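# Understanding the architecture of this molecule
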Amino acid sequence: MARKIDFVYNSEKETSEKLFQLASGYISETTILFENENIIAVVQAEGSVEFYNMDDERVAVGKAPAVESGKEVYTDVCCQAGNSRIILKFPIYQWIDNYPNCDGEYDRWDTKIVGFHTVTLDLLTYSIL
């Protein structure tokens, strides 16, 4: 396997989902190794996900709906694994304009998570649920 791994998720050590920051840019890839499941997820900021086994064979493809506000890409993904599933949750953000109660552009905008788009891989059938 010659793939560069950006993050490792170990389902035996993690007690809850873990948030990873995605590479910036519309077609940038972030690679997450699900260590105990022997699966690699290649996530793009526009919401597409490709799952690979350890022989670098693609086993499934999924996609979160397109983001139509804010930066128009996903900036983070929450990962969780267990019960023969890998779950990727893409946060849906509400953008909050703090104007005129801000000191400048650095604190003008805040975000709040208002939901998630989910891509779930069934590890028994390699299907997207």
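Our subject is the structure that appears above.
Worth saying up front: this structure is predicted, and the values here are computed from it rather than measured. (Residues numbered from 1 in each chain as written. Predicted model: local features only at pLDDT ≥ 70, side-chain atom pairs only at ≥ 80, totals over all residues. Heavy atoms only, no water.)

On to the sheet that holds strand β3 (residues 29–34). The 5 strands lie next to each other as β1-β3-β4-β5-β6, forming an open sheet whose pairing is mixed. Each having just a single partner strand, β1 (7–9) and β6 (58–63) make up the two edges of the open sheet. Across the sheet, the mean angle from the axis of one strand to that of its neighbour is 20°, orientation sign disregarded. Relative to strand β4 (residues 39–44), β3 runs antiparallel, the two sharing 6 bridges. Counted as the bridge partner of E29 is Q44 from β4. (Pairing = 2+ DSSP bridges. Helix = DSSP H or I, 4+ residues; strand = E, 2+ residues; numbered from the N terminus. Axes fitted to C-alpha atoms, helices over the stretch in contact; angles between N-to-C directions.)

Before going further, it helps to examine the pattern of salt bridges. One side chain can pair with another of opposite charge once the charged atoms of both are near each other. Taken as a whole and judged by the stated rule, the model has 8 salt bridges. Notably, a salt bridge pairs R58 with E50, separated by 3.1 Å at the nearest N-O pair. Given the relative accessible area of 52%, R58 is considered exposed. Assessed through its relative accessible area of 25%, E50 is described here as partly exposed. Shared partners join several salt bridges into a network, and the residues in it are D97, E105 and R108. (Salt bridge = Lys/Arg side-chain N within 4 Å of Asp/Glu carboxyl O. Buried < 20%, exposed > 50% of the residue type's maximum accessible area, 1.4 Å probe, protein only.)

With that settled, the discussion passes to the packing of aromatic side chains. Using the criterion set out here, one finds 3 aromatic pairs in the structure. A ring pair is formed by F7 and F20, whose centres lie 4.5 Å apart and whose planes are at 25°; its orientation type is stacked. Of the two residues, F7 is situated in strand β1 and F20 in strand β2 (residues 18–21); the sequence distance between them amounts to 13 residues. Centroid distance Y9 to F34: 5.6 Å. Interplanar angle 50°. Geometry classified as tilted. Placement of the pair is Y9 in strand β1 and F34 in strand β3, with a sequence separation of 25 residues. Y9 sits in the buried class, given a relative accessible area of 1%. (Phe/Tyr/Trp six-rings, centres within 6.5 Å; stacked < 30°, edge-to-face > 60°.)

With that out of the way, let us pick up the pairing of β4. Burial runs high along β4: 6 of the 6 residues are buried. Residues I39, A41 and V43 line one face of β4 and the alternating positions I40, V42 and Q44 line the opposite face, and both faces are buried. Pairing of β4 with strand β5 (residues 48–53), which is carried by 5 bridges, proceeds in the antiparallel orientation. In the sheet register, V43 faces β5, and the bridge partner there is V49. A loop of 3 residues connects β4 with β5, the two strands running antiparallel in sequence, and G47 in this loop sits at a positive phi of about 110°.

Here we come to the side chain of K89. Inspection of the secondary structure puts K89 in strand β8 (residues 85–97). In terms of polar contacts, K89 uses its side chain to reach the side chain of E17, at 3.0 Å. (Polar contact = N/O pair within 3.5 Å; in protein donor to acceptor, adjacent residues only side chain to side chain.)

This part is about the layout of surface pockets. For the largest pocket, the calculated volume is near 170 Å³. Lining of the largest pocket is provided by 13 residues; of these, V67, V73, P91, I92 and Y93 occupy positions nearest its centre. The element contributing the most residues to the lining of the largest pocket is β8, with 4 residues. (1 Å grid on protein atoms, 1.4 Å probe; cavity = no way out; pocket = protein on both sides within 12 Å on 5 of 7 lines; lining within 4 Å. Points joined across faces, edges and corners; volume = space filled by probe spheres on them.)

Our next topic: unusual backbone geometry. Most peptide bonds are trans, and most residues other than glycine sit at a negative phi. Between Y99 and the following residue, P100, the backbone shows a cis peptide bond with an omega angle of 5°. Within the chain, N38 stands out as a residue other than glycine whose phi angle is a positive 55°. Positive phi outside glycine occurs at D56, with the angle close to 65°. Within the secondary structure, D56 is located in the loop between β5 and β6. Exposure remark for D56: the relative accessible area of 36% places this residue in the partly exposed category.

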